[in-house]
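This is what each chain is made of:
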Amino acid sequence: MNCNGAIRSQLGKPIPQTFDALGRRFVVFGQKMNGRFDLPKTVNSLKSFANERPVFVLLLALMATLCAIPILAFVCFVVATLGFTFMGFIFVEGKFPVLSAGH
């Protein structure tokens, strides 16, 4: 912050007030979530659970990973299908006007 109260970025340019307000709202939201869920206590209880039952936690992590593989494959399939469909549309729409202009 400089003497007139404007917050400056790392490049020295003033940050717009909307970004400043958004950043403050984000910080307030994070503080509310930390207070509501008591994150340090929750993390410590999860650590102690993992230390008490390492095999169960390993199996749980393995199951979550194996369940995520088909979901990831499906998302890749959807993205590839949309990409090829879009490229095919561009190719067809670009090819026919060029061919018809030649006659």
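Scroll up to find the structure this text is about.
Sequence positions are assigned chain by chain, starting from 1 and proceeding in written order. pLDDT decides what is reported in this predicted model: residues at 70 or higher carry local features, side-chain atom pairs at 80 or more are listed and counted, and totals for whole chains, interfaces and linings draw on all residues regardless. To obtain the side-chain values, all non-hydrogen atoms of the structure were included, while hydrogens and water were left out.

Peer 1: Just give me the short version of the overall build of the chain, but keep the residues and values in it.
Peer 2: The secondary structure listing takes helices from DSSP runs of H or I that are at least 4 residues long and strands from runs of E that are at least 2 residues long, numbered from the N terminus. The helix and strand inventory of the chain stands at 3 helices and 0 strands. Tracing the chain from N to C terminus, the helices and strands come up as α-α-α. Residue burial is assigned from relative accessible area. The probe radius is 1.4 Å, only protein chains are included, and a residue is buried under 20% of its type maximum, exposed over 50%, and partly exposed in between. Every one of the 103 residues in the chain was classed for burial, and the buried ones make up 2%. If you sum the accessible surface of the chain, you get close to 9400 Å²; carbon and sulfur atoms cover 74% of it. The Shrake-Rupley method, run with a 1.4 Å probe, gives the accessible areas here. Residue values count only the displayed protein chains as cover.

Peer 1: How would you explain the packing of aromatic side chains if you had to name every residue and give the values?
Peer 2: For Phe, Tyr and Trp, rings pair up if their centres lie within 6.5 Å, where Trp contributes its six-membered ring, and each pair is then called stacked (planes under 30 degrees apart), edge-to-face (over 60) or tilted (otherwise). Enumeration according to the criterion identifies 1 aromatic pair in this entry. Between Phe49 and Phe56, the aromatic rings sit 6.0 Å apart at their centres with planes inclined by 85°, giving edge-to-face as the arrangement. Judged by its relative accessible area of 30%, Phe49 falls in the partly exposed class.

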